[in-house]
Amino acid sequence: MAGHRSFFLDEDLDAYVQAHSPPVDDVQRSLIEETDSLGPVARMQVAPDQAAFLALLVAAVRPKFAVEVGTFTGFSSLAIARALPEGGRLLCCDISTEWTDIARRHWSMAGVDDRIDLVIAPAIETLQALPDARHVDFAFLDADKAGYLAYYEELVPRMSPHGIIAVDNVLWSGRVLDAGTEDTDTVALQEFNDHVMADDRVTSVLLSVGDGVNLIRPA
Ligand SMILES: C[S@@+](CC[C@H](N)C(=O)[O-])C[C@H]1O[C@@H](n2cnc3c(N)ncnc32)[C@H](O)[C@@H]1O
């Protein structure tokens, strides 16, 4: 499970956090192992404590309709789907069939495949095709960082009044502090966090869980 640890925790504190969060079950363990076998990209998978955090949020919000942008091998979507209320649906957006095939198999193992719709296409197209109504109750953004702002702009007007958007990697291992950086992803995340903070349509809090999660709700 190397690489799953929050950048901001040392090994001992991470072990303590994991020991005081829900234990991973067989499906999650299988997903972690299969994802690890892919090599360094496995680092993209959310950590178990962050998945548990998403599940807790979803259980509280009780979304009828949730959206995930950036599914990869399915660890976060598995947590979201399992926490949905009866009849709740999750729309997953990704561009990789190779990675999401692993997700599909694990959704099926967990018995939640029938509540997930996976669309393989650039996420911006999938989001733009959604109805204009305020029908999104929960959204998790974890895809290409340069796309965050555009995804957010599609989602905010579509969020239901009690909806929540959770945005991953907003601290980018601390690189958001790098004021003069020209790194595209870092600049995108800096601009994204500044944009959310200045946006009076929403209220937000930036949490240092995982690699940083910006939690956003309509104001
Ligand atoms: C950080 S990973 C997501 C990790 C996942 N949430 C998890 O817990 O395992 C980012 C994913 O975004 C996808 N992605 C990248 N650019 C995309 C785009 N333009 N539209 C949709 N998905 C994209 C990648 O294929 C990759 O699977």
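Structure's up top.
The structure displayed is predicted, hence computed values, not measured ones. (Residues numbered from 1 in each chain as written. Predicted model: local features only at pLDDT ≥ 70, side-chain atom pairs only at ≥ 80, totals over all residues. Heavy atoms only, no water.)

Engineer: Explain the site of the ligand to me, please; I cannot follow it from the model alone.
Structural biologist: The environment of the ligand is made up of 20 residues, and the closest members are Gly70, Ser76, Asp94, Ala123 and Asp142. A distance of 2.6 Å separates an oxygen atom of the ligand from a polar side-chain atom of aspartate 94. Contact between the ligand and tyrosine 151: a nitrogen atom at 3.3 Å from a side-chain N or O atom of the residue. Relative to its unbound accessible area of 610 Å², the ligand is 90% covered by the protein chains. A breakdown of the residues in the shell around the ligand according to their chemical character gives 12 nonpolar, five polar and three charged. (Near = heavy atom within 4 Å. Polar contact = N/O pair within 3.5 Å; in protein donor to acceptor, adjacent residues only side chain to side chain. Areas by Shrake-Rupley, 256 points an atom, 1.4 Å probe, with all protein chains shown as cover. Nonpolar A, V, L, I, M, F, W, Y, C, P; charged D, E, K, R; others polar.)

Engineer: Explain the environment of glutamine 50 here, please?
Structural biologist: Considering the arrangement of structural elements, one finds glutamine 50 in helix H3 (residues 48–61). Placed 160 residues apart in sequence, glutamine 50 and glycine 210 show a C-alpha to C-alpha distance of 6.2 Å. What glutamine 50 contacts, discounting residues up to four positions off in sequence, is Phe140, Asp168, Gly210 and Val213. (Helix = DSSP H or I, 4+ residues; strand = E, 2+ residues; numbered from the N terminus. Contact = heavy atoms within 4.5 Å.)

Engineer: Looking at this model, I keep getting lost on the packing of helix H7 (residues 148–155) against helix H8 (residues 184–198). Mind explaining?
Structural biologist: Relative placement of two packed helices is described by the angle separating their axes and the distance separating the axes. As a packed pair, H7 and H8 sit with axes 9 Å apart at the nearest point and diverge in direction by 30°. Taken together, H7 and H8 sit at an angle that is classed as roughly parallel. Every residue of H8 that contacts H7 at Tyr148, Leu149, Tyr152 and Glu153 is listed here: Leu189, Phe192, His195 and Val196. (Axes fitted to C-alpha atoms, helices over the stretch in contact; angles between N-to-C directions. Parallel < 35°, antiparallel > 145°, perpendicular 65-115°, else oblique.)

Engineer: Even after reading the chapter, I still don't get the pairing of strand S4 (residues 136–141), so can you show me in this structure?
Structural biologist: Successive residues of a regular strand alternate their side chains across the two faces of the sheet. Burial analysis of S4 places six of its six residues in the buried class, the great majority of the element. Pairing of strand S1 (residues 65–69) with S4, which is carried by four bridges, proceeds in the parallel orientation. What sits directly across from valine 67, in S4, is alanine 139. With five bridges joining them, S4 and strand S5 (residues 159–168) adopt parallel strand pairing. From the neighbouring strand, leucine 141 faces S5, where its bridge partner is valine 167. In this region the chain leaves S4, passes through H7 and returns to the parallel neighbour S5; the handedness of that crossover is right-handed. (Buried < 20%, exposed > 50% of the residue type's maximum accessible area, 1.4 Å probe, protein only. Pairing = 2+ DSSP bridges. Right-handed = clockwise from strand over helix to strand, strands pointing away.)

Engineer: Explain unusual backbone geometry here, please?
Structural biologist: Peptide bonds are mostly trans, and most non-glycine residues show a negative phi. Even without being glycine, arginine 62 reaches a positive phi, approximately 50°. Along the chain, arginine 62 falls in the loop between H3 and S1. Even without a glycine there, the phi angle at asparagine 169 is positive, about 70°. When you line up the elements, asparagine 169 lands in the loop between S5 and H8.

Engineer: Even after reading the chapter, I still don't get helix H4 (residues 75–83), so can you show me in this structure?
Structural biologist: The buried fraction of H4 is high, at eight of nine residues. Within the sequence span of H4, burial applies to Phe75, Ser76, Ser77, Leu78, Ala79, Ile80, Ala81 and Ala83.

Engineer: Would you explain the sheet that holds strand S3 (residues 116–120) in this entry?
Structural biologist: Strand order in the open sheet made by the seven strands is S3-S2-S1-S4-S5-S7-S6, with mixed pairing throughout. In the strand order of this sheet, the two ends are held by S3 and strand S6 (202–207), each with one partner. When the angles between neighbouring strand axes are averaged without regard to direction, this sheet yields 15°. Together, S1, S4, S5, S6 and strand S7 (213–218) form the strand contacts of H7, whose direction differs from that of S4 by roughly 180°.

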